[in-house]
Amino acid sequence: MVFNITSIKTSSNGAWQGDNPLDFAFPLLILQTTLILVVSRFLAFLLKPLRQPKVIAEIVGGIVLGPSAFGRNQDYLHRIFPTWSTPILESVASIGLLFFLFLVGLELDFNSIRRSGKRAFGIAFAGISLPFVCGVGVAFVLKNNIDGLDQVGYSQFLVFMGVALSITAFPVLARILAELKLLTTQVGETAMAAAAFNDLAAWILLALAVALAGDGDASGGEKKSPLVALWVLLSGVAFIIFMLTVIRPAMKWVARRCSPEHDVVDEAYICLTLAGVMVSGFITDLIGIHSIFGAFVFGLTIPKGGHFAERLIERIEDFVTGLLLPLYFASSGLKTNVATISGAQAWGLLVLVITTACAGKIFGTFAVAMMFKIPARESLTLGLLMNTKGLVELIVLNIGKEKKVLNDESFAILVLMALVTTFLTTPTVMAIYKPARRASTCTHRKLRDLSATTNSGSRDIFRILACIHGPGNVSSLISLVEATRSTKKQLKLFIMHLVELTERSSSIIMVQRARKNGFPFINRFRRGQWHDRVADTFQAYSQLGRVSVRPTTAISALSTMHEDICHVADDKGVTLIILPFHKRWAGDDDESIENVGHGWRAVNQRVLKHAPCSVGVLVDRGFGNGSPTPGPNATVAQRICILFFGGPDDREALELGGMMAEHPAVKLTVVRFVENDGLDSDGVMLRPSPTRCSEQNYSFSTAKMNREIEKEQDETALAEFRSKWDSMAEFIEKVTSNIVEGVLALGRSGDYELIVVGKGRFPSTMVAKLADRQAEHAELGPIGDILASSGQGVVSSVLVVQQHDMAHAEETPVSKIAHTHTDYEKFKAHESSVVGEISQAV
């Protein structure tokens, strides 16, 4: 069906009145957008195991929907993506592109680029110049072998090809580095700084390419004077100078006005800024440079790292990057017809372009990196990383096609080149470069081992890795760490801020700020500049003496966050990891709960499973709120209770209690639970039940352990504790027939600010009897779950301790199968023939 573009209407009257919505602009746009998002998201899901950036899925989605695949059906192509709808789709996508380039400009910090030094500048220069020269060489080959390119001016085509091959995609590279856990390594920092230089140079070259492309119609129209291109470039330079000398100070004033210190409603300023993006784009388009250049320069004028920049990102990035930007990438794919690459010569040209692009970028970067005495493997990795293409590449190609510098075949070749080079980055880097995991400098993995070494006369260091989600964890964390500060051991505290890696560009800003401040806390939740207050708090705490505080950050997807935590713990020789529980009680009300999400709960579960040392999960109900930075001379004692039932985890909790007993500001009580009918009660046996849900049922260790030896070790640990700390700690034996009520009574009493319990993976008799109890938080073990559950009236904070022991690493849900001695003896006689069963004769 042939349409007159001037007769296209926006919306239809509906199918009931005989209108086909697909013949109208807006309903068709809705269908196209939905189709693009569904297909690109599905492809992103398929490519996720390969750790590919989302842009790959969006471009491939456009190619699949376009003439290369589905578009081979002409009825589908003319109905869903008719020619008359292309300008409408691209106009909407260009709005998203305009604001995304504004965000990219907002990300680039000139100060951080300057701090990167000549190493990053040299790598960036080599990564641009050599590929640019190679691109110029390839341009001659393409121009002489692709039909239609002979009508394009040499200068325009050479510059476009040089830019296309020399670009490194800054946002895409940041995503790949984060996925590979290289974002905060030396290689990652160098690559990001070099990519920032590269991005800046790419925009200058792009402006030159656009100016030259406007020098006459590439299809043979009237040639303009060469002075026109000069005027375009001079006008562009004048625009940049005006923006940096006039608009930038004005935006600094706006940012100060919108800071938390000023009680100003900043809605008008934000709207004014968004309008400024559009006006800047219009001016550069008026000059003859693409409108996105104006949006990018305007982004550079916004002060980095302030409240105003956070508000801007918060307002626009989700809508732009989640909805509008995929339309732009997909529209690039829709214009890519792989069928135009036909014959051995065309495919040979594609191989030539890909090989030249990779060789120029990789070898140019490799050679300069070696000159800066970077190791060969890291130098090669930098070359592979700098070969990442993406957003700017597609912009160059789309502008080239729009200006008729590129025809369908050359456009398809270059889009596929960008796809292949970006796709290869992750797998090749993973194959070539694996950061060396240094052997731990400290072999201590349990508190018990640390105590034994200290008793032997050698002075040791107690290393703790404490993780936080946000400012709410800080007070309780410092109070807990301070309570463990012994006079016999030096305390070294590693603070790790856990930041979820999302598809938001603000993740990149977080990393840049972490490098700038040397502190990983970022204002993500509009609570003022709380990262400054947190920094001051930890700085004050480190000054108390014998405490070394080392802050760091982990920016990772939740599915792999535990790898960062465990790697740092292993690398730093940490003895105890402290994890914040995924729920935090915000007030006195037992139901006032802040839940950071099930994803963070899964992070804790994976750390508990894979940790190279002992782990404590802190369930915070306001522990330490009265004394955010306690010291050794504090007059208000912290009342802490250790619950002891028996087993390796409880012994580890008791060992931690011994450290706490040394602190003058801690009043420690140890409560040992004893059944009212004595220790020789009926045995309890637990059978493995792998079919049970591990989220709702407690899991216990599958290790075979001698119960008599375990009881002896429990008695020995208690005897040693009493001999050492009898004068500093209170010891109570609590006889009860109902363990649940007994534990809850302690938690509800308010006598203790913190209750420390073992997870109980190899449980005592009393704990084993709770195996069939419905679990709310199974990862905390039976006793920890009772105290952490909501609606029970518990007011004390809880620390659940798991001892590191590889013998206990494997756990499985269980069910009780016996409660009497007779049944137990029968089971023991049969036990040797039952493979994999757990016998807990406790």
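Residues numbered from 1 in each chain as written. Predicted model: local features only at pLDDT ≥ 70, side-chain atom pairs only at ≥ 80, totals over all residues. Heavy atoms only, no water.

Draft legend 1. Just the overall build of the protein, in detail. On a plain count of helices and strands, the protein comes out with 29 helices and 15 strands. Counting all 842 residues of the protein, 57% fall into the buried class. Of the contacts made within the protein by residues no fewer than 6 positions apart, 82% connect residues no fewer than 24 positions apart. Surface accessibility of the protein: about 34400 Å² in total, with carbon and sulfur atoms responsible for 57%. (Helix = DSSP H or I, 4+ residues; strand = E, 2+ residues; numbered from the N terminus. Buried < 20%, exposed > 50% of the residue type's maximum accessible area, 1.4 Å probe, protein only. Contact = heavy atoms within 4.5 Å. Areas by Shrake-Rupley, 256 points an atom, 1.4 Å probe, with all protein chains shown as cover.)

Draft legend 2. Examining the pattern of salt bridges more closely. For the structure shown, the criterion picks out 14 salt bridges. With its nearest N and O atoms 2.9 Å apart, the salt bridge here joins Asp 408 to Lys 401. On the basis of relative accessible area, Asp 408 is assigned to the partly exposed category, the value being 41%. You can call Lys 401 partly exposed: its relative accessible area is 23%. The partner of Glu 710 in a salt bridge is Arg 651, and the shortest N-O contact between them spans 3.1 Å. Placement of Glu 710 in helix H25 (residues 707–725) and of Arg 651 in helix H24 (residues 648–661) is noted, with a sequence separation of 59 residues between them. Since its relative accessible area comes to 13%, Arg 651 is described here as buried. (Salt bridge = Lys/Arg side-chain N within 4 Å of Asp/Glu carboxyl O.)

Draft legend 3. Structural view of the side chain of Ser 789. As for its position among the elements, Ser 789 is in the loop between helix H28 (781–788) and strand S14 (797–802). In this structure Ser 789 comes out as buried when scored by relative accessible area, which is 4%. Only 3.3 Å separates the side chain of Ser 789 from the side chain of Glu 776, close enough to count as a polar contact. A polar atom in the side chain of Ser 789 sits 2.6 Å from the backbone oxygen of Asp 785. Those residues in contact with Ser 789 that sit more than four places away from it in its chain are Arg 621, Glu 776 and His 777. (Polar contact = N/O pair within 3.5 Å; in protein donor to acceptor, adjacent residues only side chain to side chain.)

Draft legend 4. Structural detail: the packing of aromatic side chains. One pass over the full model with this rule turns up five aromatic pairs. Centre to centre, the rings of Tyr 76 and Phe 81 are 6.2 Å apart; their planes meet at 70 degrees, and the pair counts as edge-to-face. Like Tyr 76, the residue Phe 81 is buried in the burial classification. In this structure an aromatic cluster arises from ring pairing among Phe 70, Tyr 76 and Phe 81. Over the ring of Phe 411 we find Lys 401; its NZ or CZ atom is 5.7 Å from the centre of that ring. (Phe/Tyr/Trp six-rings, centres within 6.5 Å; stacked < 30°, edge-to-face > 60°. Lys NZ or Arg CZ within 6 Å of the ring centre and 35° of its normal.)

Draft legend 5. Unusual backbone geometry, seen in detail. A positive phi is found at Lys 373, a non-glycine position, where the angle reads about 65 degrees. Within the secondary structure layout, Lys 373 lies in the loop between helix H14 (343–371) and helix H15 (376–386). Given a relative accessible area of 76%, Lys 373 falls into the exposed group.

Draft legend 6. Highlighting H24. In this model, H24 (14 residues) spans 20 Å end to end at C-alpha, consistent with the 20 Å of a helix rising 1.5 Å per residue. A large share of H24 lies buried, amounting to 14 of its 14 residues. (Expected span 1.5 Å × (residues − 1).)

Draft legend 7. Here's a closer look at the sheet that holds strand S12 (residues 729–736). Here 10 strands make up an open sheet; going across it, the order is S3-S2-S1-S4-S7-S14-S13-S8-S9-S12 and the pairing mixed. Every other strand in the sheet has two partners, leaving strand S3 (547–556) and S12 as the edge strands with one partner each. Averaged over all pairs of adjacent strands, the angle between strand axes in this sheet comes to 20 degrees, irrespective of strand direction. Both strand S9 (residues 666–675) and S12 contribute to a ladder of eight bridges, which runs parallel. Residue pairing for S12: Leu 668 is matched across the bridge by Ala 729. Contacts between helix H22 (residues 561–571) and the sheet are confined to strand S1 (461–468), strand S2 (490–500), S3 and strand S4 (576–580), with S2 contributing the most and set at about 165 degrees to the helix. (Pairing = 2+ DSSP bridges. Axes fitted to C-alpha atoms, helices over the stretch in contact; angles between N-to-C directions.)

Draft legend 8. Local environment of the packing of helix H4 (residues 86–107) against helix H12 (residues 291–300). The geometry of H4 relative to H12 is characterised by a closest axis approach of 7 Å and an angle of 35 degrees between their N-to-C directions. Here the hand of the crossing between H4 and H12 comes out right-handed. Contacts between H4 and H12 pair Leu 97, Leu 98, Leu 101, Phe 102, Val 104, Gly 105 and Leu 106 from the former with Ser 291, Ile 292, Ala 295, Phe 296, Phe 298, Gly 299 and Leu 300 from the latter. When grouped by side-chain class, the residues that make up the contact of H4 with H12 number 11 nonpolar, three polar and no charged. (Left-handed = near helix turned anticlockwise from the far one by under 90°. Nonpolar A, V, L, I, M, F, W, Y, C, P; charged D, E, K, R; others polar.)

Draft legend 9. View of the state of the cysteines. What the rule picks out here adds up to zero disulfides. Free cysteine: Cys 566, not disulfide-bonded; nearest cysteine sulfur from Cys 613 at 7.9 Å. Classification of Cys 566 as buried rests on a relative accessible area of 10%. (Disulfide = S-S within 2.5 Å.)

Draft legend 10. Fine view of the pairing of strand S13 (residues 754–758). With five of five residues buried, S13 is to be regarded as a mostly interior element. Where burial is concerned, the two faces of S13 agree: the one with Leu 754, Val 756 and Gly 758 and the one with Ile 755 and Val 757 are both buried. Where strand S8 (residues 638–644) meets S13, three bridges bridge the pair, whose relative direction is parallel. If you follow Ile 642 over to S13, its bridge partner there is Val 756. Relative to S14, S13 runs parallel, the two sharing five bridges. Counted as the bridge partner of Val 757 is Val 800 from S14.

Draft legend 11. Structural view of the confidence of the model for the protein. Here the protein shows a mean pLDDT of 77. Residues at 70 or above account for 77%. Scored below 50 in pLDDT, residues 436–443 makes nine contacts in the model with residues more than four places away or belonging to other chains. In the predicted structure, residues 820–842 sits below a pLDDT of 50 and forms 56 contacts with residues beyond four places in sequence or in another chain. (pLDDT = per-residue confidence, 0-100.)

Draft legend 12. Spotlight on the packing of helix H2 (residues 54–65) against helix H13 (residues 307–334). Closest axis-to-axis distance for the H2/H13 pair is 7 Å, and the angle between their directions is 50 degrees. Our classification of the angle between H2 and H13 gives oblique. Crossing geometry of H2 relative to H13 is assigned as right-handed. Judged by residue contacts, Lys 54, Val 55, Glu 58, Ile 59, Gly 62, Ile 63 and Leu 65 of H2 engage Thr 321, Pro 326, Phe 329, Ala 330, Gly 333 and Leu 334 from H13. Of the residues that constitute the contact of H2 with H13, the class distribution is eight nonpolar, three polar and two charged. (Parallel < 35°, antiparallel > 145°, perpendicular 65-115°, else oblique.)

Draft legend 13. Structural view of the environment of Glu 179. Looking at the secondary structure, you find Glu 179 in helix H8 (residues 170–179). Look at Glu 179 and you get partly exposed, because its relative accessible area is 26%. With 381 residues separating them along the chain, Glu 179 and Thr 560 place their C-alpha atoms 8.9 Å apart. Setting aside residues no more than four positions away along its own chain, Glu 179 makes contact with Arg 51 and Leu 501.

Draft legend 14. Summary view of the side chain of Gln 802. Among the structural elements, Gln 802 can be located in strand S14. For Gln 802, a relative accessible area of 4% puts it in the buried group. For Gln 802, the side chain forms a polar contact with the main-chain oxygen of Leu 608, separated by 2.7 Å.

Draft legend 15. The environment of Leu 718, seen in detail. Structurally, Leu 718 is set in helix H25. The class for Leu 718 is buried, based on a relative accessible area of 4%. In this structure the C-alpha to C-alpha distance between Leu 718 and Phe 731, which are 13 residues apart in sequence, comes to 9.7 Å.

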